[in-house]
Amino acid sequence: MPSASTSRWRRSWPRRPSLARSGRHLLIPRLPGVNHLDAVRALEKAGFHLRRQGKHIVMTDGTRIVTLPRHNPINAITMGTIVRGAGLTIDEFRQLL
């Protein structure tokens, strides 16, 4: 019979088995080092306009709503998810910067 520490180790690894098995974490696009003001300008070029702002900036193009945090730089994975939510590819967004 395994000891308590061994069985605890088996239960805790991997912590997110669904991601570890499927490899979905590899599909998240990354866009490092983007200033939130540069991201707002780029999204405005793509047809988005400011809806409201506070601790976060909310932008819309009429059909999609995108929320950006107001800190610099925006986390690379967060920025990739925002770009994907805006219906753009990473390359399209980089051209707009």
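Here, the structure is the one placed above.
Right, let's talk about unusual backbone geometry for a bit. Of note, the bond from Asn72 into Pro73 is cis; its omega dihedral lies within 30 degrees of zero at -15 degrees. Its place among the elements puts Pro73 in the loop between β3 (65–69) and α4 (76–85).

A few words now on the pattern of salt bridges. Once the charged atoms of two side chains with opposite charge are near each other, the side chains can pair. Within this structure, the stated rule accounts for one salt bridge. Residue Arg41 is joined to Asp38 by a salt bridge in which the shortest nitrogen-to-oxygen separation is 2.7 Å. Here Arg41 and its partner Asp38 are both found in helix α3 (residues 36–45), three residues apart, which amounts to about one turn of the helix. Residue Arg41 is classed as partly exposed on the basis of its relative accessible area of 46%.

Residue Asp38 is classed as partly exposed on the basis of its relative accessible area of 34%. Separated by 59 residues in sequence, Asp38 and Leu97 have C-alpha atoms that sit 6.5 Å apart. One polar contact links Asp38 to Arg41, side chain to side chain, over a distance of 2.7 Å.

The rules we used
Sequence order as written defines the numbering, with residues in each chain counted from 1. Restriction of local features to residues with pLDDT of at least 70 applies here, the model being predicted, together with a cutoff of 80 or more for giving and counting side-chain atom pairs; totals for whole chains, interfaces and linings are based on all residues. Excluding hydrogens and water, the side-chain figures rest on all heavy atoms present in the structure. Helix numbers and strand numbers start at the N terminus; a helix is a DSSP run of H or I with at least 4 residues, a strand a run of E with at least 2. For this document, the term salt bridge refers to a Lys or Arg side-chain nitrogen within 4 Å of an Asp or Glu carboxyl oxygen. For the exposure calls, accessible area comes from a 1.4 Å probe over protein chains only, and a residue counts as buried if that area is under 20% of its type's maximum, exposed if over 50%, partly exposed in between. Distance and chemistry together define a polar contact, namely a pair of N or O atoms within 3.5 Å, with one atom able to donate a hydrogen and the other to accept it when in protein, and with adjacent residues in sequence counting only for side-chain atoms on both sides.

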